[in-house]
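Given next are the chains, with one letter for each unit.
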Amino acid sequence: MTTSTPIPAGELSATAARHLLLNMTPNGSLGPAGENLFVVRRGEGPYVDDADGRRHIDGLSGLYCCQLGYSYAPEFAEAAGKQLRELCFSPLWSASAHPTAIELAERLSHIAPVDVEHTFFSGGGAEAVETAWKIARRYHALRGEPERVKAIARRGAYHGLTIGALSLTDDPGLREPYGPGAIETRFVSNTNRFGLGPEAAENADDGVYTARLLAELEAAILAEGPETIAMLIAEPVQNRGGCITPPEGYWQGLRALADRYGFLLVADEVITAFGRLGEWFGGDRYGARPDLVTVAKGITAGYAPMGATLVSNAITEVINRPGAVLNHGYTFAGHPLSAAIALRSLEIMERDRILDNVRGLQDHLARRMASLADLPIVGDVRGAGFFYACELVGDLDGGGFSDTARADLIAGLIPRRLREAGLLARVYNRAAPLVQIAPPLISDRHLLDRITEIIADTLDEASARL
């Protein structure tokens, strides 16, 4: 019988290089001894320690997951232990359910957007998006409109890497290796005003900009044929492209077009839900009234995997008709352990007033981040709540980066200096070059100041090399 023994800290990187395939990574570049691998061993509060024992601020909340940081483990362990002693597994399948999933679905109905009262559980965000698509298709077919087979998404958006979700993701580098998309998708402009050139001054007015975006969207709907559109999917604040916020009236306009032309409106809140923007759901900040909401990540504060698709009453009235079957499901959907963790996370967020912490500090973070726009390398700063990005420019006139500058600064100096200073942030080197943060929602004023100071020092050094 072979037993597992812990791998010594000094051997972790080399062992990973021999046996572990990482997500979204050129695995061959890790080196034979894994010398280019960053290994996280433990977490405490808003910090994580690497394999060498060095402490870092987790400025990205894991991957937008760890809303509560890392100090609530005893409470989550207690909830997990209680659940596992009672029931380790039971599927939500063929007229079977278990109490923890039922309780979580009921709890979510109280904090969900208006008229959204049902939940379909899944294992993560991409599965939640796939579910939204299937529910949309089933809804339209049951209403006698099976020809609604197309989706609309926004340029630069990321909605997941499963084949269906990938069809809604505007990144040819991610899609093309796997052939044609499973869903015919029309991409329209996102809400990023930066870099619009001569149009920038006119579009500074929210009313003008919103009208222009909605007119483009309506033209796309008419060109595709309104009777062929099943759904439109959008994030309240678009992650990819750098925390792109909507202008005033935008989500109300999306709702009006969805009602006019009969398609469903999906809010992808995999990142923006559960406090990231200071509300339970980020769309609430912008007056969104979606038909479906996809969530994951923060629903369990990163303590267990889970996704979910929240569904409006108008949809469930159709798909729950007598004799109708929703032929869709996942073995581990609503897993008892994950559901127990999610319930405890919601309980902690309410008890410890986590949303109030974000609301109380978001203006301070906004001011600190806005000050970074004074640096020559920073073209734009945008975001909301505890979710911000700096878009970088390659010269003093706001131009792009040369290939050499991208390699030296965006892929080299900036991520290296941030980590050396003890900050884990996201540095994009695809499309728009960005530095992005999404700190744990438990962060205090001092920590937010430290995060922005590290970014400022790093970008100041990078500016000097332009």
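Located above this text is the structure these notes cover.
About the cut-offs
- Residues numbered from 1 in each chain as written.
- Predicted model: local features only at pLDDT ≥ 70, side-chain atom pairs only at ≥ 80, totals over all residues.
- Heavy atoms only, no water.
- Phe/Tyr/Trp six-rings, centres within 6.5 Å; stacked < 30°, edge-to-face > 60°.
- Helix = DSSP H or I, 4+ residues; strand = E, 2+ residues; numbered from the N terminus.
- Buried < 20%, exposed > 50% of the residue type's maximum accessible area, 1.4 Å probe, protein only.
- Lys NZ or Arg CZ within 6 Å of the ring centre and 35° of its normal.
- Contact = heavy atoms within 4.5 Å.
- Expected span 1.5 Å × (residues − 1).
- Arc of directions from axis to C-beta.
- Polar contact = N/O pair within 3.5 Å; in protein donor to acceptor, adjacent residues only side chain to side chain.

**Let's talk about the packing of aromatic side chains**
Link 1 in the chain: All chains considered together, the criterion is met by 4 aromatic pairs.
Link 2 in the chain: With centroids separated by 3.9 Å and ring planes inclined at 20°, the aromatic side chains of Phe76 and Tyr303 adopt a geometry described as stacked. Taken together, the residues span a long stretch of sequence, with Phe76 in helix α3 (residues 73-86) and Tyr303 in the loop between β9 (292-295) and β10 (307-312) at a distance of 227 residues.
Link 3 in the chain: Residue classification places Tyr303 among the partly exposed positions, given a relative accessible area of 26%.
Link 4 in the chain: Taking the centre distance of 5.6 Å and the plane angle of 55° together, the rings of Phe274 and Phe281 count as tilted. With respect to burial, Phe274 and Phe281 carry one shared label: buried.
Link 5 in the chain: The cationic tip of Arg419 hangs over the ring face of Phe38; the distance from NZ or CZ to the ring centre is 4.1 Å.

**Structural notes on the environment of Pro336**
Link 1 in the chain: Structurally, the position occupied by Pro336 is in helix α12 (residues 336-351).
Link 2 in the chain: For the pair formed by Pro336 and Ala97, sequence separation is 239 residues and the distance between their alpha carbons is 9.8 Å.
Link 3 in the chain: Aside from chain neighbours lying at most four places away, what touches Pro336 is Gln83, Leu87, Cys88, Phe89, Ser90, His98 and Thr100.

**Observations concerning helix α9 (residues 206-224)**
Link 1 in the chain: The first and last C-alpha atoms of α9 sit 27 Å apart over 19 residues, in line with the 27 Å expected at 1.5 Å per residue.
Link 2 in the chain: Regarding α9, the residues found buried are Tyr209, Thr210, Leu213, Leu214, Leu217, Ala220 and Ile221. Along the axis of α9, the buried positions cluster into a sector of 125°, meaning they face one direction only.
Link 3 in the chain: The backbone nitrogen of Gly207 has a side-chain oxygen 3.0 Å away, supplied by the residue at the start of α9, namely Asp205.
Link 4 in the chain: Downstream of α9 by a residue or two, Gly225 has a phi angle that is positive, lying close to 100°.

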